[in-house]
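A look at the structure
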Amino acid sequence: MRTIVCKAAGPFRPGRSPALHESNSDPEIRKRNPGGTTSVAGSGPWARRTGSVQAEITPRRWRFWAKRGEGAWRALSIGLGLFFGTASFLHGQAAGNERTIGIQHAPPEAYLPGEKLPYFGSQDLWDRRFFKGQGGEDRGGQRLMLDIAEGRARETADFCEQHIARNPNAMEARFNLVAAYCALGRSADAARAMQAALDAGLPLERFMAGPRRVLAPLYETDVFKQALAEMGSILVHGPLLGDVAEGRSRFWIRTFGAATFQVVLSRKGDFTDPLESSPAHTTVDADCTGVASVAGLEPDTTYNYTLIIEGKREPHRPEWRFRTPPTKATSRPVTIAFGGGAGYVPRNERMWDLLAGQQLDAFIFLGDNVYIDLPEESGPVHDYTYYRRQSRPEFRRLTAGTPIYAMWDDHDCAMDDVFFGPYVDRPSWKPSMWRLFRNNWNNPGYGNPPDRPGCWFQFAVADVDIFMLDCRYYRENFLLEKPSMLGPVQKRWLFDALRRSRASFKVIASSVPWALDAKPYSSEGGPDDTWYGYQEERQEIFDFLTRNRIEGVLLLSADRHRSDVRINRRAGAYDLYEFESSKLTNNGTHPHAGETLFSYNDDCSFGLLAFDTSPGDAKARFSVFNIDGQELYALTVKAGDLKAAP
């Protein structure tokens, strides 16, 4: 055992520390987290407070080797433990503002009475390092909106004016200049700045979306009202197509204010013989979003569609068309593309048009979809981060004609390498992050609300069942004896769904790598954020597949900024192929790591799976394409190679 004394980090915002209370009756969760009821007061916006605790732990990564009883490994593990423990302690002492146990970080409110480990935190620094830059077209715009939200509008306006003078094409600075003027009560200046931004090429939907509380003064100006009248529509974002299966489809939209809408579909371009949805509503409580459902669709059929919003029919657009998937018995191959790592980088937004041209039956977002990195109650910065992506015409063309399914990961739900803990409603801001995610996507399900909200769900494309995991909402501290990434409720759901599935292929999608060597050790920490830190649960899932003779399983994953193909070996059972891709639009790149059949990180890329489930010859072809549409690699896996041992 080793003892270290560590420093505690202050909260992100005043008044944001949660009043913790026990709301979980699940005995499995209570057994893991016996801490009682407490409350922790907040402090200033960037204030830090220090305190010390005694923590006696044996980190899992060193226990792993100690269990094997090998003297050499044990000696090495102790040496490494002392080295990394001392380094972490010295780092915390030097910073003077962190509570660090092993290689993990957490604010004071993450520690429950009697517990030596925080129930939530991160393997990385618990700070705002992602908001250091100003004015950049990818992350810098978020910093500007954060400054406005926290009362620094005058400084933001000055910066934006100077930045635009140097770079007239700085679109995020143009947007935030309007927001800063609104916060300062300078409505006339905001209106003029908006018109200049529109003239420079920023779409009006950016301003219609908001954040509405920030831009409210703009909406009262004659300039905005005239622009809205000339646009002739209150459609802000979408349509975003989802849940296209078994004769149904769902359509998500965002409008300028609450509205009633319908979707009208037809197999004919002139919309004769139409099929209409029931009236649906966008609501203020759901950030002016709503979902309309249509049933009675024919399989393997192309439909055109349009919208009727507040009684006014929207002009049909070429991208407002889609093809329903075939039945399970069909011989037509189906294609599913996937990827993570979709940070907002304007020059890489062309990726969405490339994907739209693939004529996909589905596209899967595997997490790190927008990069928010602000773990607190959802607010203007969170909304802004979604709005700028959803206003891109390339993204709207993809989502209007391709069924979209999305899971979240650390950068979407909190910050880098976060573990959220096993509770439904703590930390207090966690439910608001889930509502933010739910409002901005069109999934067929979101966990098991209201008792167990989350982001897991299942969908099917012909004879392929896809199981989307939530690897964050109930993830426990990886330094616990047997930590869970999924939580007991989600894990039971997964096992039950796998037992029921009769599909030729079963795809289990995780936002983090399954392979234990996908992420190397580094100065920032080890690979515990992947399934490496949750090996017992990973093995439990693999053993379940073996014990229940679940056949046809393929694994998807993301998180590492590259595209990989790996094989997860299983004793006495077929090997599990893992296809990883997480550099859709990101600037950042992760180096190659571990044993792979293929690995690519030269540029942005996506993975593509083509399934042919013809009787007696079912197979899946995996390929990798870069952002220029060049196929870089292909591998075919036959269903016959994914059979249970006799």
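Residues numbered from 1 in each chain as written. Predicted model: local features only at pLDDT ≥ 70, side-chain atom pairs only at ≥ 80, totals over all residues. Heavy atoms only, no water.

Moving on to the confidence of the model for the protein. For the protein, per-residue confidence averages 86 on the pLDDT scale, and 84% of positions sit at 70 or higher. Counting contacts from residues 1–100, a segment whose pLDDT is below 50, to residues more than four positions away or on other chains yields 218 contacts. (pLDDT = per-residue confidence, 0-100. Contact = heavy atoms within 4.5 Å.)

This part is about the sheet that holds strand β6 (residues 235–245). Strand order in the open sheet made by the three strands is β6-β7-β11, with antiparallel pairing throughout. One side of each edge strand has no neighbouring strand; the edge strands of this open sheet are β6 and β11 (289–295). Adjacent strand axes in the sheet meet at a mean angle of 20° when their direction is disregarded. Pairing analysis gives seven bridges linking strand β7 (residues 248–255) to β11, with the strands arranged antiparallel. The residue of β11 that forms the bridge with Arg250 is Ser293. (Pairing = 2+ DSSP bridges. Helix = DSSP H or I, 4+ residues; strand = E, 2+ residues; numbered from the N terminus. Axes fitted to C-alpha atoms, helices over the stretch in contact; angles between N-to-C directions.)

Okay, the packing of aromatic side chains next. Considering all chains together, one arrives at 42 aromatic pairs under this definition. Centroid distance Phe175 to Tyr384: 5.8 Å. Interplanar angle 45°. Geometry classified as tilted. Pair noted here: Phe175 is in helix α6 (residues 171–183) and Tyr384 is in helix α12 (residues 380–390), with a separation of 209 residues, a long-range link. In this pair, the class of Phe175 matches that of Tyr384, namely buried. Here the basic side chain of Arg389 rests over the ring of Phe395, its NZ or CZ set 6.0 Å away from the ring centre. Geometry around Tyr574 places Arg570 over its ring, the cationic atom sitting 4.6 Å from the centre. (Phe/Tyr/Trp six-rings, centres within 6.5 Å; stacked < 30°, edge-to-face > 60°. Buried < 20%, exposed > 50% of the residue type's maximum accessible area, 1.4 Å probe, protein only. Lys NZ or Arg CZ within 6 Å of the ring centre and 35° of its normal.)

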